[in-house]
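Structural features, examined
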Protein chains: 2
Amino acid sequence: MLKAFTPTEESFVKQSAKARPRSATRGPPRLDPSQREAIITREAVAFFAEHGFEGQTRELAKRLRITQPLLYRYFPTKEALIERVYQEVFVGRWKASWGKLITDRAEPLKSRLTQFYREYAEAILTYEWIRLFMFAALKDLGLNARYLKMLRERVFEKVIVEIRAEYARPPIAQLPITVLEIEMVWGLHAAIFYLGVRQFIYGMPLEADVNSIIDAKVTTFLSGIRCILPAKSRV
Amino acid sequence: MLKAFTPTEESFVKQSAKARPRSATRGPPRLDPSQREAIITREAVAFFAEHGFEGQTRELAKRLRITQPLLYRYFPTKEALIERVYQEVFVGRWKASWGKLITDRAEPLKSRLTQFYREYAEAILTYEWIRLFMFAALKDLGLNARYLKMLRERVFEKVIVEIRAEYARPPIAQLPITVLEIEMVWGLHAAIFYLGVRQFIYGMPLEADVNSIIDAKVTTFLSGIRCILPAKSRV
DNA sequence: CATATTATTTATCAAATGATAAATAACGGT
DNA sequence: ACCGTTATTTATCATTTGATAAATAATATG
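Anyway, here's the lowdown on the structure attached to this text. Only a predicted model underlies this, so the values are computations on that prediction, with no experimental measurement involved.

**Some thoughts on the relation of the copies chain B and chain A**
Once turned by 180° and shifted 0.0 Å along the axis, chain B lies on chain A with an RMSD of 0.1 Å. The two molecules are tied by a two-fold rotation axis, judged by turn and shift. When C-alpha positions in chain B are compared against the rotation axis, the closest is assigned to A191 of chain B, at 3.4 Å. A share of 100% of interface residues in chain B that are also interface residues in chain A marks the association as one of identical surfaces.

**Regarding the pattern of salt bridges**
Here the structure, examined in full by the defined rule, presents 24 salt bridges over all chains. Across the pair R84 of chain A and E88 of chain A runs a salt bridge, and its minimum N-O distance is 3.9 Å. Placement of both R84 of chain A and E88 of chain A in helix α4 (residues 78-91) is noted, with a separation of four residues, approximately one turn of the helix. Take R84 of chain A: its relative accessible area is 26%, and that puts it in the partly exposed class. Note that E50 of chain B and R63 of chain B form a salt bridge whose closest N and O atoms lie 3.1 Å from each other. You can see E50 of chain B sitting in helix α1 (residues 33-51) and its partner R63 of chain B sitting in helix α2 (residues 57-64), a full 13 residues away along the chain. Overall, the relative accessible area of 36% leaves E50 of chain B in the partly exposed class. By relative accessible area, R63 of chain B is classed as partly exposed at 31%. A network of salt bridges, in which partner residues are shared, links E37, R84 and E88 of chain A.

**Considerations on the protein's contact with DNA strand C**
Taken together, 25 residues sit near DNA strand C, with R30, L31 and R36 of chain A together with Q56 and Y72 of chain B positioned nearest. R73 of chain A places a side-chain nitrogen or oxygen 2.7 Å from a phosphate oxygen of DNA strand C. One of the side-chain N or O atoms of Y74 of chain A is found 2.7 Å from a phosphate oxygen in DNA strand C. Listed by contribution, the elements that provide at least two residues to the surface near DNA strand C are α1 (33-51) and α3 (68-74) of chain A together with α2 and α3 (68-74) of chain B. For the surface near DNA strand C, a count of residues per class yields 10 nonpolar, six polar and nine charged.

Calculation rules
Residues numbered from 1 in each chain as written. Chains lettered and ligands numbered in written order. Predicted model: local features only at pLDDT ≥ 70, side-chain atom pairs only at ≥ 80, totals over all residues. Heavy atoms only, no water. Least-squares fit on C-alpha atoms with pLDDT ≥ 70 in both. Contact = heavy atoms within 4.5 Å. Salt bridge = Lys/Arg side-chain N within 4 Å of Asp/Glu carboxyl O. Helix = DSSP H or I, 4+ residues; strand = E, 2+ residues; numbered from the N terminus. Buried < 20%, exposed > 50% of the residue type's maximum accessible area, 1.4 Å probe, protein only. Near = heavy atom within 4 Å. Polar contact = N/O pair within 3.5 Å; in protein donor to acceptor, adjacent residues only side chain to side chain. Nonpolar A, V, L, I, M, F, W, Y, C, P; charged D, E, K, R; others polar.

This is the structure in structure tokens:
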């Protein structure tokens, strides 16, 4: 049974003039294509996050209160819809401001890192992001390789550059990033990501506040990384 | 032991007397049921680890060089086969000796922890274990909830008990395990598990030796946990 | 109101997929 | 060497599932 559509949903979109009292069991009438597409995308994000990409188009359509062939008016294939979901979540939730946040030496290093990881955690520690990322990673290595390459370039390497500068170590142009350094940053990243795994894949609610955990992890990270930085440059 | 036979393939099993030169394109003839079942299980572990549990029985059969209906002679349903895979990997690779290893106070605490996590890492940091665990977790929360409950009881709590004892803190019967304590142990566990995620889900080879990483993580863990242990008991 | 446009549905296809039943053939016992 | 047992295959079913084409109906426009 189609549960009578909710007020919070798309019910009021495009109910322009006549306040048409549609038959209650029926979905909304002819929506504007751009609206419909947005609605489909939004629901697809939630749907595939829950069921994985093997989730069936018919079930997705049912959740949308539309028929399954209508999906194919907006997306040529299921794969195209999934691609759109990727864009929406992995690209759309990346904040362009993060690069400058990390490298803004007007702020103390620790507060920059804390701030960045708080924002990053807020972006990725969601049911959708974590599960979709894991589903995508298990499905094919390509997508995640791209994402993690970006993460390394835009975050990991920048973080190490800043740390080197902070502690007066040789710049990476002079002494390339070491395995130990990158491993430390991976460790910090892993700790935060794993909070999402615990919550949204293992289904175990976190007992502590995320921001406190992040603050603690960043502190530990910074105190730990001093031990493995390369020797000071003797200028 | 099931894996006792055959270095590489099932080719030589049961080629008893006559050394029958079967047509090369054909699979082996009538295998002993217990052997066949073991072979199917072994291949199913690899197959589902690669493709997830939506992997198709026909493709699995092809890899086994048998026909698909033969699978149903050994396992009533696909679900039963998956259940067997769970058993084989998650139950079968758990070592009963770990409990005593952790609590054996004849050994120093640090070497006990290092030894345990080295052995545990050796068991779970495999393509099969990591991916199957993640597939299972994403599919339904039930299985992993069971596993993680076991992990908490048989490892996490024991570790905290040992640490409390080592540093002369109140026993957990007197002062229950705190959120911070369990969070620290989770963190250590996460770090090790994430090594597997990087390798086998993200497809990024590790640049450092696993044992060295574990030693370092255990060291960091032990130095970090002293700060968050409850106050000493004043007896 | 009449008509064109098009968002949406209905009907349906073809391939995939888990599962079953009957036919076949390899092996062991006598 | 024969024969019964049974491991294995062949043939096939019933759903499921991504996708397409045609029919329907809501909206805009004149």
